[in-house]
Amino acid sequence: MKITVVGTGYVGLVSGTCLAEVGNDVLCLDVDPEKIRILEEGGIPIYEPGLQDMVRRNVAAGRLRFTTDIEKAVQHGTIQFIAVGTPPDEDGSADLQYVLAAARNIGRLMTDYKVVIDKSTVPVGTGAKVKAAVEDELRQRGVGIPFSVVSNPEFLKEGAAVEDFMRPDRIVVGAEDEQAIHLMRALYAPFQRNHERLIVTDVKSAELTKYAANAMLATRISFMNELANLAEVLGADIEMVRQGIGSDPRIGYHFLYPGCGYGGSCFPKDVKALVKTAQDDAGITLKVLTAVEEANDAQKHILGDKIGKRFGDLKGRHFAVWGLAFKPNTDDMREAPSRELIADLFAAGATVTAYDPVAMHETQRIFGDEPRLVYAENPMAALDGADALVIVTEWKEFRSPDFEAIKQKLKAPVIFDGRNIYDPKLVRSLGIEYFAIGR
């Protein structure tokens, strides 16, 4: 099938590359010439395990190409995926300007039947707006070319996005005409050989499904974070509680790990947008999700609060931070808890040396030439002259460190663990002061 993907961010690049991997002819469009230059030279503008090799393989095979030419992109694919950003507006609602601009370009330049697919995470009702935008452009041209609008939300985890696309647990297709549904079944047939994973809904239900999924996962995280804070005060161990409730099959173990808050490009943005959509479009206050967001905002300051309680005045203090990305296996710093922690430490007069396997370049871009923040080449180098170690992201390379070496390098043997990756008894038995979340 001939496929056009508009946008080469996480969603667009992974989707386009995986669709090329199973034999489709894919053209990826981006208006950013720098992104296209990187891709044409064999690089990728994001960090995602396994993606770069797959991009190179499909480019070499001629199945995957990149362009900044909008007309060429619209002409190429019967299937037109819109996978552009929907950043939050100042009021928390999703900004649809890029989605609707992509839809208008398709309407302005199409000459035959197209399936226009919303792959971006968009509020309920966006499908109707996309349809209206395409129809408006066709009307201005005085032509009546048929097209379909489909909602096909992505359920990709950053750090495992390639695997999630190639082996999906479900494929949600919101469509209301048989031709579009038939084409979507054909498109996704290679990804569901052993059993049917395609769920067909109406467009609005598909749009809401995406928000509901992310909001549910965010709710579990905030719930566990609040329980962890309670357990700490009561003298219970949240890890034992997690095992006790996770063993109930109605609850399960997924997303029950407490920590220093969730971040990334999805959960914070989608919870805000769903709350805003409910308020503005339906006049309904989503009380649970409002609390989820408030709890998460507070949780991002938990490490800063613990450090302040332990050391008192932080003026002139220096801290080592392990982990900057919002989670492992990505360089994504959007809404990352590390950003709040570093800001809290700066506000209290402290300085930071940070280490992250892949997110230091992105952190430098965000903080610029900040003299209070320096970067280390490896985890142990970050400890030199630090008053304590603070762990913010649970990268695998942090799981089994040399605790004796940590003790020798730190001014005082103190660890603040924002992800509960160590056994408190073990660490404390080595003469290290250990502050975890809810333990």
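Structure: see above.
Residues numbered from 1 in each chain as written. Predicted model: local features only at pLDDT ≥ 70, side-chain atom pairs only at ≥ 80, totals over all residues. Heavy atoms only, no water.

Asker: Would you take a moment to explain the overall build of the protein chain for this structure?
Answerer: Counting secondary structure elements, the protein chain contains 17 helices and 14 strands. By its C-alpha atoms, the protein chain is 75 × 45 × 45 Å across when sized along the principal axes. The proportion of buried residues among the 439 residues of the protein chain is 54%. Sequence-distant contacts, at least 24 apart, represent 73% of the contacts inside the protein chain between residues at least 6 apart. Of the roughly 19,400 Å² of accessible surface on the protein chain, 53% is carried by carbon and sulfur atoms. Across the protein chain, the centroid of the 51 positively charged side chains sits 3 Å from that of the 63 negatively charged ones. (Helix = DSSP H or I, 4+ residues; strand = E, 2+ residues; numbered from the N terminus. Buried < 20%, exposed > 50% of the residue type's maximum accessible area, 1.4 Å probe, protein only. Contact = heavy atoms within 4.5 Å. Areas by Shrake-Rupley, 256 points an atom, 1.4 Å probe, with all protein chains shown as cover. Lys, Arg positive; Asp, Glu negative; His and termini not counted. Charge placed at Lys NZ, Arg CZ, Asp CG, Glu CD.)

Asker: For this particular structure, what's the right way to read the packing of helix α11 (residues 267-282) against helix α12 (residues 287-299)?
Answerer: Two measures define how a pair of helices packs: the angle their axes make with one another and the distance between the axes. Remark: α11 packs on α12, axes separated minimally by 10 Å, with the N-to-C direction vectors making an angle of 145°. Here α11 and α12 pass one another in a crossing that is left-handed. Listed contacts from α12 to Val271, Lys272, Leu274 and Val275 of α11 are Leu289, Thr290 and Glu293. Of the residues in the contact of α11 with α12, the class split is four nonpolar, one polar and two charged. (Axes fitted to C-alpha atoms, helices over the stretch in contact; angles between N-to-C directions. Left-handed = near helix turned anticlockwise from the far one by under 90°. Nonpolar A, V, L, I, M, F, W, Y, C, P; charged D, E, K, R; others polar.)

Asker: Any chance you could explain the side chain of Thr67 here in plain terms?
Answerer: Mapped onto the secondary structure, Thr67 falls in strand β3 (residues 64-67). The class of Thr67 is buried, set by a relative accessible area of 7%.

Asker: Can you walk me through the pattern of salt bridges in this structure?
Answerer: If the charged atoms of two oppositely charged side chains come close together, the side chains can form a pair. One pass over the full model with this rule turns up 31 salt bridges. The partner of Asp91 in a salt bridge is Lys276, with the nearest N and O atoms 3.7 Å apart. With Asp91 in the loop between β4 (79-82) and α5 (97-109) and Lys276 in helix α11, this residue pair connects regions lying 185 residues apart in the sequence. Given a relative accessible area of 46%, Asp91 falls into the partly exposed group. In this structure, the salt-bridge partner of Arg242 is Glu239, at a minimum N-O distance of 2.8 Å. (Salt bridge = Lys/Arg side-chain N within 4 Å of Asp/Glu carboxyl O.)

Asker: Help me understand the sheet that holds strand β11 (residues 373-375), please; the structure alone is not making it clear to me.
Answerer: Picture the strands of a sheet paired through backbone hydrogen bonds; they go either parallel or antiparallel. With parallel pairing, the six strands of this open sheet are ordered in space as β11-β10-β9-β12-β13-β14. Sheet topology places β11 and β14 (433-435) at the edges, where each strand pairs with a single neighbour. Ignoring strand direction, the axes of neighbouring strands in this sheet form an average angle of 20°. Two strands pair when backbone bridges link them, and strand β12 (residues 388-391) and strand β13 (residues 414-417) are joined in this way by three bridges, in the parallel orientation. Counted as the bridge partner of Val390 is Phe416 from β13. Contacts from helix α13 (residues 302-311) reach β9 (318-322), β12, β13 and β14, with the element oriented near 155° to β13. (Pairing = 2+ DSSP bridges.)

Asker: Explain the nonpolar core here, please?
Answerer: The nonpolar side chains of soluble globular proteins are, as a tendency, buried together. Core analysis: the largest hydrophobic core is formed by 54 residues, its most contacted members being Ile307, Phe319, Trp322, Leu389, Val390 and Ile415. Those elements that provide at least two residues to this core are α9 (203-234), α13, β9, α14 (337-347), β10 (351-355), β12, α16 (403-409) and β13. Listed in part, the 42 residues of the second largest apolar core include Ala20, Ile44, Phe165 and Leu198. (Core = buried A, V, L, I, M, F, W, Y, C linked by side-chain atoms within 4.5 Å.)

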